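Spelled out from the first residue to the last, the chains are:
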Amino acid sequence: MRIQYLGHSAFLITASTGEKLLFDPFITPNDLAKDKIALQDLKPDYIFLSHAHFDHIADAEAISKATGAPIIGVWEIHTYFSELGCSTYPMNVGGTWRSPRSNDMLTVKLVPAIHTSSFPDGRYGGTPVGFVISNGRYNVYYAGDTALSLEMELIAERYALDLAILPIGGTFTMDTEDAVEAALLLDVEHVIGMHYDTFPPIKIDHAKAKQDFKDNDCELHLLGIGEEIELEKLIKESDGE
């Protein structure tokens, strides 16, 4: 499973089965991603949206229409984008998407997130969610925009997580201190940070953030835009193989 950071909270995850899953594409309006990510190069098979805020859906319509990739999210996200002429797949919290191309081996579970959700026009965006991505061997938790929550403890009990992708910028989501606590609840040794540095209110001290996680026996990965991690390699290196 390859995980590529596209800036802010946008990620492209390529499963071992070959499917490409795009999460919360906010690329063209992101000054930090300028000249680093080209939308036409992404070619996702599916687009997952955690909620309806602009900094998570900005490029979803364009990418969906260019590639035919369905937009997957809660009912209100399905309704909004289907009215725009996009292919969609409606879901809701607690539901599990199963890839039709991998004999159900690749799944994405919609789990609760504590946040708000509205479209740029003010329309209600439904309940925010996070995602647990599983390929039969590895489990990755993409938290979406969320506050610290005891729901994370339940996610850890249900899934043996190999990696968590957590917001760390504060102001609108968890800050680093809360994200460290989240990592402890989730029982993970590796965290990829997201939702930081894009705007002045969410800028962080990188060195301090990494040290905060290290002090709690967890490694924080702050990827450069366009950089990717090979999850299997990361786990093997962590286990000393």
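Our subject is the structure listed above.
Residues numbered from 1 in each chain as written. Predicted model: local features only at pLDDT ≥ 70, side-chain atom pairs only at ≥ 80, totals over all residues. Heavy atoms only, no water.

1. Points about the environment of glycine 144
Part 1 of the reasoning: Along the chain, the position of glycine 144 falls in the loop between β10 (139-142) and α4 (151-158).
Part 2 of the reasoning: Looking at glycine 144, the relative accessible area reads 0%, which means it is buried.
Part 3 of the reasoning: Once the C-alpha coordinates of glycine 144 and aspartate 175 are considered, the two residues, 31 residues apart in sequence, prove to be 13 Å apart.
Part 4 of the reasoning: Beyond its immediate stretch of four places on either side in the chain, glycine 144 contacts Ser50, Val129, Gly130, Pro167 and Met194. (Helix = DSSP H or I, 4+ residues; strand = E, 2+ residues; numbered from the N terminus. Buried < 20%, exposed > 50% of the residue type's maximum accessible area, 1.4 Å probe, protein only. Contact = heavy atoms within 4.5 Å.)

2. Structural notes on the side chain of serine 134
Part 1 of the reasoning: Mapped onto the elements, serine 134 comes out in strand β9 (residues 129-134).
Part 2 of the reasoning: Residue serine 134 is classed as buried on the basis of its relative accessible area of 9%.
Part 3 of the reasoning: Only 2.6 Å separates the side chain of serine 134 from the side chain of asparagine 139, close enough to count as a polar contact.
Part 4 of the reasoning: If we ignore the near neighbours within four places in the chain, the residues touching serine 134 are Met105, Leu106, Thr107, Asn139 and Tyr159. (Polar contact = N/O pair within 3.5 Å; in protein donor to acceptor, adjacent residues only side chain to side chain.)

3. Overview of the pattern of salt bridges
Part 1 of the reasoning: Under the defined criterion, the tally for this structure stands at seven salt bridges.
Part 2 of the reasoning: Linking glutamate 61 and lysine 65 is a salt bridge whose minimum nitrogen-to-oxygen distance equals 2.7 Å. Here the residue glutamate 61 and the residue lysine 65 both occupy positions in helix α2 (residues 60-67), the gap between them amounting to four residues, near one helical turn.
Part 3 of the reasoning: Looking at lysine 65, the relative accessible area reads 46%, which means it is partly exposed.
Part 4 of the reasoning: Glutamate 83 is the partner of arginine 123 in a salt bridge, and the nearest nitrogen-oxygen pair spans 3.0 Å. With a gap of 40 residues between them, arginine 123 in the loop between β8 (107-112) and β9 and glutamate 83 in helix α3 (residues 75-83) connect regions that are remote in the sequence. (Salt bridge = Lys/Arg side-chain N within 4 Å of Asp/Glu carboxyl O.)

4. Observations concerning the packing of helix α5 (residues 176-186) against helix α6 (residues 206-214)
In a packed pair of helices, the relevant descriptors are the angle between the two axes and the axis-to-axis distance.
Part 1 of the reasoning: Closest axis-to-axis distance for the α5/α6 pair is 10 Å, and the angle between their directions is 30 degrees. Considering their axes alone, α5 and α6 lie roughly parallel with respect to each other. α5 and α6 meet at a crossing whose hand is right-handed. In this structure, α5 uses Thr176, Ala179, Val180 and Ala183 to contact α6, whose residues at the interface are Ala209, Asp212 and Phe213.
Part 2 of the reasoning: Within the contact of α5 with α6, the residues separate by chemical class into five nonpolar, one polar and one charged. (Axes fitted to C-alpha atoms, helices over the stretch in contact; angles between N-to-C directions. Parallel < 35°, antiparallel > 145°, perpendicular 65-115°, else oblique. Left-handed = near helix turned anticlockwise from the far one by under 90°. Nonpolar A, V, L, I, M, F, W, Y, C, P; charged D, E, K, R; others polar.)

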